[in-house]
Amino acid sequence: MVRFVVEKPQIMSASQNIVVSETTMSSIIPNNNNNNNNSSSQKLPPCLISISKKKLLKNIDIINGGGQRINAWVDSMRASSPTHLKSLPSSISTQQQLNSWIMQHPSALEKFEQIMEASRGKQIVMFLDYDGTLSPIVDDPDKAFMSSKMRRTVKKLAKCFPTAIVTGRCIDKVYNFVKLAELYYAGSHGMDIKGPAKGFSRHKRVKQSLLYQPANDYLPMIDEVYRQLLEKTKSTPGAKVENHKFCASVHFRCVDEKKWSELVLQVRSVLKKFPTLQLTQGRKVFEIRPMIEWDKGKALEFLLESLGEYSSCCYFLFLFL
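Residues numbered from 1 in each chain as written. Predicted model: local features only at pLDDT ≥ 70, side-chain atom pairs only at ≥ 80, totals over all residues. Heavy atoms only, no water.

A. Representation of the overall build of the protein chain within the structure. What the protein chain contains, in helices and strands, is 10 helices and 11 strands. Within the protein chain, the proportion of its 321 residues that are buried is 44%. A sequence separation of at least 24 residues applies to 68% of the contacts in the protein chain between residues at least 6 apart. For the protein chain, the computed accessible surface area is about 16800 Å², with 52% contributed by carbon and sulfur atoms. (Helix = DSSP H or I, 4+ residues; strand = E, 2+ residues; numbered from the N terminus. Buried < 20%, exposed > 50% of the residue type's maximum accessible area, 1.4 Å probe, protein only. Contact = heavy atoms within 4.5 Å. Areas by Shrake-Rupley, 256 points an atom, 1.4 Å probe, with all protein chains shown as cover.)

The following block contains the structure:
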């Protein structure tokens, strides 16, 4: 079921300084280079967004936890599913709770007239996810193709409103699926933002040279993690590792459930060497990304602010499944 979030955005300045120096980080992150080990797994990017010591220690505990933590991960893996009902919050256990949740998260199609009324006199900006929104959820992420009909619909939409695709995928891969140069793209969970190609946007306020990459210093680390994950998980049939440029993922949709505990151990054995990367879970996938104060929500705020006059008066619509 498609749902909209319609709200007036909290705007963050695109020029906001979000970087601190390596000296600042040295007081937060333990120095493991006492033995002059120059491997990329030990090096920290020279510029990082500040991480609290409490948050860092919690991340290390998640990665290095014992058997009880592994069982919790496996239970979470078992609960994850592409079906809409099973992807609802785990706290929903009764029909009454489900009805209450639906009341708080109404279907956009059922509330379309209210949405149009709420947006009257406002500039509208469209933000779309890719997987499960513009394309179906599939076993092989390389085959999540967008239909020609959907592409034509998004193209028409972009003629009316500034339109962006915000996804966990690498921008290049999503663009190869979508093939629309007039859109904004925010890939790698919002850590790689690009504006429309020059000459393609119909909206005068759109900045066509926009490029923002807040996790650029993590590129060598992500490449190394990707290489190690490929090597570590190759013994697990069905596991698929992807490099999304500023983050990585390990898909277990096609992994036998009996192998899930083994896969958790494999992923964690790699990540414990990289304490500034965090491990989260999506639908049948592990996500590995930098521990920085940046996500899809921050990317939305940045894109709205970059639209100039739009940011002071617009309502934005974010589609998701």
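From this point, the discussion proceeds with the structure in view.
B. Looking closely at the sheet that holds strand β8 (residues 248-251). On the basis of which strands lie adjacent, the open sheet formed by 4 strands has the order β7-β8-β10-β9 and antiparallel pairing. Across the chains shown, the open sheet's two edge strands, defined by having one partner strand only, are β7 (240-243) and β9 (277-282). Within the sheet, the average angular offset between the axes of one strand and its neighbour, ignoring direction, is 20 degrees. In the packing of helix α8 (residues 219-233) onto the sheet, contacts are made with β7, β8, β9 and β10 (285-290), and the angle to β7 comes to roughly 170 degrees. (Pairing = 2+ DSSP bridges. Axes fitted to C-alpha atoms, helices over the stretch in contact; angles between N-to-C directions.)

C. Here's a closer look at the pairing of β7. Note that β7 and β8 share 4 bridges and pair antiparallel. Across the sheet, the residue bridging to Asn 243 is Ala 248, located in β8. A loop of 4 residues connects β7 with β8, the two strands running antiparallel in sequence, and Lys 245 in this loop sits at a positive phi of about 80 degrees.

D. Focus on unusual backbone geometry. For Lys 179, which is not glycine, the phi dihedral falls at a positive 60 degrees. Along the polypeptide, Lys 179 turns up in the loop between α7 (171-178) and β4 (184-187). The phi torsion at Ser 188 lies on the positive side, around 50 degrees, for a residue other than glycine. Mapped onto the secondary structure, Ser 188 falls in the loop between β4 and β5 (192-194).

E. Local environment of the packing of α8 against helix α9 (residues 260-271). Look at α8 against α9: their axes get within 10 Å of each other, and the N-to-C directions meet at 150 degrees. Pair α8 / α9 crosses with right-handed handedness. On α9, the residues touching Val 225, Gln 228, Leu 229, Lys 232 and Thr 233 of α8 are Leu 263, Gln 266, Val 267, Ser 269, Val 270 and Leu 271. Residue classes in the contact of α8 with α9 are distributed as 6 nonpolar, 4 polar and 1 charged. (Left-handed = near helix turned anticlockwise from the far one by under 90°. Nonpolar A, V, L, I, M, F, W, Y, C, P; charged D, E, K, R; others polar.)

F. Inspection of the nonpolar core at higher detail. Counting 44 residues, the largest nonpolar core has Ile 193, Phe 286 and Ile 288 as its most contacted members. With 6 residues, α9 is the largest single contributor of residues to this core. Each residue touching Ile 193, except ones within four places of it in the same chain, is listed here: Ile 171, Tyr 185, Ala 186, Leu 210, Leu 211, Tyr 212, Trp 294, Ala 299, Phe 302 and Leu 303. In this structure, Leu 134, Ala 158, Val 174 and Leu 183 belong to the second largest nonpolar core, which totals 17 residues. (Core = buried A, V, L, I, M, F, W, Y, C linked by side-chain atoms within 4.5 Å.)

G. Expanded view of α8. Counted at 1.5 Å a residue, the expected span for α8 with its 15 residues is 21 Å, and the 21 Å between its end C-alpha atoms agrees. Within the span of α8, buried status applies to Met 221, Ile 222, Glu 224, Val 225, Gln 228, Leu 229 and Thr 233. Along the axis of α8, the buried residues cluster in a sector spanning 160 degrees; they form a single face. Against β7, β8, α9, β9 and β10 lie the buried residues of α8. (Expected span 1.5 Å × (residues − 1). Arc of directions from axis to C-beta.)

H. Fine view of the pairing of β8. Of the two faces of β8, the one lined by Ala 248 and Val 250 and the one lined by Ser 249 and His 251 are each fully buried. Pairing between β8 and β10: 4 bridges, direction antiparallel. Bridge pairing in β10 places Ala 248 opposite Ile 288.

I. Examining the pattern of salt bridges more closely. By the definition in use, this model includes 10 salt bridges. Of the charged contacts, one joins Asp 192 and Lys 245 as a salt bridge, the two residues approaching to 3.8 Å between their closest N and O atoms. Remark: Lys 245 occurs in the loop between β7 and β8 and Asp 192 occurs in strand β5; sequence separation between them is 53 residues. Residue Asp 192 is classed as buried on the basis of its relative accessible area, which comes to 2%. Overall, the relative accessible area of 27% leaves Lys 245 in the partly exposed class. (Salt bridge = Lys/Arg side-chain N within 4 Å of Asp/Glu carboxyl O.)

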